[in-house]
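Fold and contact review
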Amino acid sequence: STNAGSSTVRLAGADMEEFKLQLNAGDVRVDASGARVQGLDLSTNAGRIRLRVDQDVRGSLSANAGSIELCTPQDATLRLRVEEQLTFAHNLDDRGLAQSGDIWTREGAVGSPVVDLAVEGNAANFTLDPEGGC
């Protein structure tokens with residue numbers, strides 16, 4: 001956890017059952033490229049989380065009065081369960097994901113990573129593959 005700080009976390013080569021992050025009023029980059037992380041639980045209050053993944057991952061992302069940016073491989077299969085509400089913005093339709101209820105999906109290439117995340121926010125923003133990267 002971090003409070004009013006700025007950090008970069010590089011997990012390359014890690015083999016983790018779970019990675020948790022609680023951020024309050026800060027800015028954190030998590031680069032999980034080259035890491036095996038079975039479960040992610042990242043949350044922020046009045047902060048910004050930037051996450052890069054290139055392997056299979058499951059977990060949850062949440063933001064209260066903050067933002068989350070997620071970078072994934074272009075050929076990854078995505079399954080994002082998004083709790084829709086008036087004060088939570090995202091760009092999933094702009095990124096070509098299909099919506100069915102609260103689940104947004106993109107079919108990836110055979111053998112590509114599978115990113116399966118629950119995403120929620122309040123007065124927050126979620127950006128998939130932002131211009132300029134994570």
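Here, the structure is the one placed above.
Computed from a predicted structure; not experimentally measured. (Residues numbered from 1 in each chain as written. Predicted model: local features only at pLDDT ≥ 70, side-chain atom pairs only at ≥ 80, totals over all residues. Heavy atoms only, no water.)

As for the pattern of salt bridges
Applied cut-off: By definition here, a salt bridge exists when the distance from a side-chain nitrogen of Lys or Arg to a carboxyl oxygen of Asp or Glu is within 4 Å. By definition, any uninterrupted DSSP run of H or I lasting at least four residues is a helix, any uninterrupted run of E lasting at least two residues is a strand, and each is numbered from the N terminus. Partly exposed residues are those whose accessible area sits between 20% and 50% of the maximum for their type, while under 20% is buried and over 50% is exposed, using a 1.4 Å probe and protein chains only.
Here the structure, examined in full by the defined rule, presents seven salt bridges. We note a salt bridge from Arg-48 to Glu-69, for which the minimum N-O separation is 3.0 Å. With Arg-48 in strand E6 (residues 48–52) and Glu-69 in strand E8 (residues 67–71), this residue pair connects regions lying 21 residues apart in the sequence. With a relative accessible area of 29%, Arg-48 lands in the partly exposed category. A relative accessible area of 12% places Glu-69 in the buried class. Arg-58 serves as the salt-bridge partner of Asp-116, at 2.6 Å between the closest nitrogen and oxygen. Of this pair, Asp-116 sits in strand E13 (residues 114–122) while Arg-58 sits in strand E7 (residues 57–64), and the two are 58 residues apart along the sequence. Judged by relative accessible area, Asp-116 falls into the buried class, the value being 9%.

Structural notes on empty space enclosed by the protein
Going by this rule: Definitions used for this entry: grid spacing 1 Å over protein atoms alone; cavity, a set of points where a 1.4 Å probe fits but cannot get out; pocket, an open set with protein on both sides within 12 Å along at least 5 of 7 lines; lining residue, one with an atom within 4 Å of a point. Grid points are joined across faces, edges and corners, and a volume is the space filled by probe spheres set on the points. The residue classification treats Ala, Val, Leu, Ile, Met, Phe, Trp, Tyr, Cys and Pro as nonpolar and Asp, Glu, Lys and Arg as charged. All others, Gly included, are polar.
Considering all chains together, one arrives at one cavity of 30 Å³ or more under this definition. Here the largest cavity defines a volume of roughly 40 Å³. Residues that form the lining of the largest cavity fall into these classes: five nonpolar, one polar and one charged.

Things to note about the pairing of strand E12 (residues 103–106)
In plain terms, the rule: At least two bridges found by DSSP between two strands is the condition for calling them paired.
A one-sided burial pattern is seen for E12, the buried positions being Trp-104 and Arg-106 and the unburied ones Ile-103 and Thr-105. As paired elements, strand E11 (residues 98–100) and E12 share three bridges and run antiparallel to each other. Each residue of the ladder has a partner; that of Gln-99, found in E12, is Trp-104. Count of turn residues in the E11/E12 antiparallel hairpin: two residues, of which Gly-101 carries a positive phi of about 65 degrees.

Topic: the sheet that holds strand E9 (residues 77–83)
Strand-to-strand pairing in sheets goes through backbone hydrogen bonds, with the strands running parallel or antiparallel. Taking strand neighbours across the sheet as the criterion, the eight strands line up as E1-E3-E5-E7-E13-E9-E12-E11 in an open arrangement whose pairing is mixed. One side of each edge strand has no neighbouring strand; the edge strands of this open sheet are strand E1 (2–3) and E11. Of the strand pairs in this sheet, E7 and E13 are connected by eight bridges, and their pairing is parallel. Paired with Ser-60 across the two strands is Ala-118, which belongs to E13.

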